[in-house]
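Summary of the model geometry
Below, each chain spelled out in residue letters.
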Amino acid sequence: MQETRLDTARIRAARRVIDPVFLDTPLYRCEALEPGLGCTVSIKLETANPVRSFKARGTEVVASLLADKGSRAVVCASAGNLGQALAWSGRGRGLDVTVVASRFATRAKLDRIRALGAGLELVDGDHEMARERAAAIARYDGIRLVEDSLDIETCEGAATIGLELVDTTPSFDTVLIALGGGALATGVGHVAKALAPGVEVICVQPLGAPAMTHSWRGRRVVTTDSTHTIADGVAGRHPIPAVLDDLLLVADDAVLVQEASIIAGMRMLLDHAGLVVEPSAALGIAAILEDRDRFADRHVVTIVCGSNVDVDAYHGWVGAAPVLGS
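Before going into details, it helps to say that this report is about the structure given with it. This structure is a prediction, so every number in the text was calculated from the model and none was measured. (Residues numbered from 1 in each chain as written. Predicted model: local features only at pLDDT ≥ 70, side-chain atom pairs only at ≥ 80, totals over all residues. Heavy atoms only, no water.)

**A look at the overall build of the protein**
Counting its regular elements, the protein contains 14 helices and 10 strands. By the compact-globule yardstick of 20 Å for 326 residues, the protein fits well, its C-alpha radius of gyration being 18 Å. Dimensions of the protein, computed from the C-alpha atoms along their principal axes, are close to 55 × 45 × 40 Å. For the protein, with 326 residues in total, the buried portion stands at 56%. By element, 50% of the accessible surface of the protein is carried by carbon and sulfur atoms, the whole surface being about 13,000 Å². Here the protein contributes 32 positive and 41 negative side-chain charges, whose respective centroids are spaced 3 Å apart. (Helix = DSSP H or I, 4+ residues; strand = E, 2+ residues; numbered from the N terminus. Rg over C-alpha atoms; globule rule 2.2 N^0.38 Å. Buried < 20%, exposed > 50% of the residue type's maximum accessible area, 1.4 Å probe, protein only. Areas by Shrake-Rupley, 256 points an atom, 1.4 Å probe, with all protein chains shown as cover. Lys, Arg positive; Asp, Glu negative; His and termini not counted. Charge placed at Lys NZ, Arg CZ, Asp CG, Glu CD.)

**With respect to the pattern of salt bridges**
The tally for this structure, following the rule as stated, stands at 24 salt bridges. For Arg57, the salt bridge identified is with Glu46, shortest N-O distance 3.0 Å. With a gap of 11 residues between them, Arg57 in helix α3 (residues 55–68) and Glu46 in the loop between β2 (40–45) and α3 connect regions that are remote in the sequence. Overall, Glu46 belongs to the buried group, its relative accessible area being 0%. Overlapping salt bridges bring together Arg15, Asp24, Lys44, Glu46, Arg57 and Glu164 as one network. (Salt bridge = Lys/Arg side-chain N within 4 Å of Asp/Glu carboxyl O.)

**Focus on the side chain of Glu128**
Residue position: Glu128 is located in helix α6 (residues 127–141). A polar contact of 3.0 Å, which involves the side chain of Glu128, links it to the side chain of Arg131. There is a polar contact of 2.9 Å between the side chain of Glu128 and the backbone nitrogen of Arg237. The residues contacting Glu128, other than those within four sequence positions of it, are Gly236, Arg237 and His238. (Polar contact = N/O pair within 3.5 Å; in protein donor to acceptor, adjacent residues only side chain to side chain. Contact = heavy atoms within 4.5 Å.)

**So, the environment of Arg219**
Following the sequence through the fold, Arg219 ends up in the loop between α9 (211–218) and α10 (241–250). Using a relative accessible area of 60% as the deciding quantity, one classes Arg219 as exposed. Between the C-alpha atom of Arg219 and that of Leu247, which follows or precedes it by 28 residues, the distance is 9.7 Å.

**Some words on the layout of surface pockets**
Approximately 640 Å³ is the volume attributed to the largest pocket. Contributing to the lining of the largest pocket are 42 residues, with Lys55, His127, Asp148, Gly181 and Gly233 lying nearest its centre. Those elements that provide at least two residues to the lining of the largest pocket are α4 (81–91), α6, β6 (144–146), α8 (183–195) and α9. Residue contributions to the lining of the largest pocket peak at 5 residues, all from α6. Considered class by class, the residues forming the lining of the largest pocket number 20 nonpolar, 13 polar and 9 charged. Put simply, the second largest pocket is a space of about 310 Å³. Taken together, 16 residues make up the lining of the second largest pocket; nearest its centre are Ser102, Phe104, Asp126, His127 and Asp232. Among the residues making up the lining of the second largest pocket, the classes are represented as 5 nonpolar, 7 polar and 4 charged. (1 Å grid on protein atoms, 1.4 Å probe; cavity = no way out; pocket = protein on both sides within 12 Å on 5 of 7 lines; lining within 4 Å. Points joined across faces, edges and corners; volume = space filled by probe spheres on them. Nonpolar A, V, L, I, M, F, W, Y, C, P; charged D, E, K, R; others polar.)

**So, the packing of α9 against α10**
Look at α9 against α10: their axes get within 10 Å of each other, and the N-to-C directions meet at 60°. On the basis of their axis angle, the class for α9 and α10 is oblique. Helix-helix and strand crossings are classified by hand; for α9 and α10 the assignment is right-handed. Along the contact surface, α9 presents Met212, Ser215 and Trp216, while α10 presents Val243, Leu244, Leu247 and Leu248. The class makeup of the residues in the contact of α9 with α10 is 6 nonpolar, 1 polar and no charged. (Axes fitted to C-alpha atoms, helices over the stretch in contact; angles between N-to-C directions. Parallel < 35°, antiparallel > 145°, perpendicular 65-115°, else oblique. Left-handed = near helix turned anticlockwise from the far one by under 90°.)

**As for the environment of Arg57**
On the accessibility criterion, Arg57 (0% relative accessible area) is buried. Separated by 98 residues in the primary sequence, Arg57 and Cys155 place their C-alpha atoms 9.0 Å from one another. If sequence neighbours within four positions are ignored, Arg57 has contacts with Ile18, Phe22, Leu23, Asp24, Thr25, Lys44, Glu46, Gly157, Ala158, Thr160, Ile161 and Glu164. Side-chain polar atoms of Arg57 contact the side chain of Glu46, separated by 3.0 Å.

**Describing empty space enclosed by the protein**
Scanning the model with the defined rule gives 2 cavities of 30 Å³ or more in all. Approximately 50 Å³ is the volume attributed to the largest cavity. What lines the largest cavity is simply Phe54, Lys55, Arg57, Gly58, Thr59, Leu82, Asp148, Thr154 and Ala183. Of the residues forming the lining of the largest cavity, the biggest block, 4 residues, is contributed by α3. Residues belonging to the lining of the largest cavity are distributed by class as follows: 3 nonpolar, 3 polar and 3 charged. By volume, the second largest cavity is sized at about 40 Å³. If you go around the second largest cavity, the residues you meet are Gly162, Leu165, Val166, Phe172, Val175, Val188, Ala192 and Val199. At the level of secondary structure, the elements contributing two or more residues to the lining of the second largest cavity comprise α7 (152–168) and α8. The leading source of residues in the lining of the second largest cavity is α7, at 3 residues. In terms of residue class, the lining of the second largest cavity is made up of 7 nonpolar, 1 polar and no charged.

Right under this line is the structure:
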């Protein structure tokens, strides 16, 4: 494999600084999903932790390095999950964390960032505007800016998921990965190509937020003027060139799925796996729903990457929860 920015030895070392509460997350075959999907399905559940997403794997590495250097302040832009994770990791290491987010971000995510003790600044635009403001704060205050996916620690922290996959489930042949900024996809993809090269790495993005997928297909950065998706966690408009370079080396395919399929995937995970997930976490199921023939007779792993949802919005998407015993 051609070299990405990631290093497998560093990824293994990352496990030693990540709080064990975020490691060795549940991985299991979910037979109840299989009749409706037409393939063998295993779930890697990245929501069973204090911040309910995979992001803390990366922020644990970032915060550990900052604390070792004596840093005391850090800022990031976030759609919600990275901010929670950095707040959690920073709190445990005495860091002063500031998170910049869109005021239109999921309220539950914003409330949790505040509850974890981080400073929260809201902007009137989308995530790209939040990124610009976070960068300005970092320059003005002379503090560390954490840029998800660009900072290699966020990718290599996420890549520890890949280690757990290849170490415990050697029989799967496809992994479906939510694609946003690219940390999860490049991290897990790097490990898969390095240690399990027969596994097909497929990235999944909403049709309403296609910038990284279009960039991967065109082999050059493609930006969009806006996004239109309920999957706020992957709704970026400006791919990072260095991340795209990595993605081009580790992804076998990148596909786009419709909003209706994302909602159907969320409902399937609720009905058949008992999981309440955010839209980004249902992208893998959505991809199978839209192309059952492609995945027929395969053993597919899908990474359920987050479960921070606004309760009212969630009910509006999937309807009332099923009655027990029905």
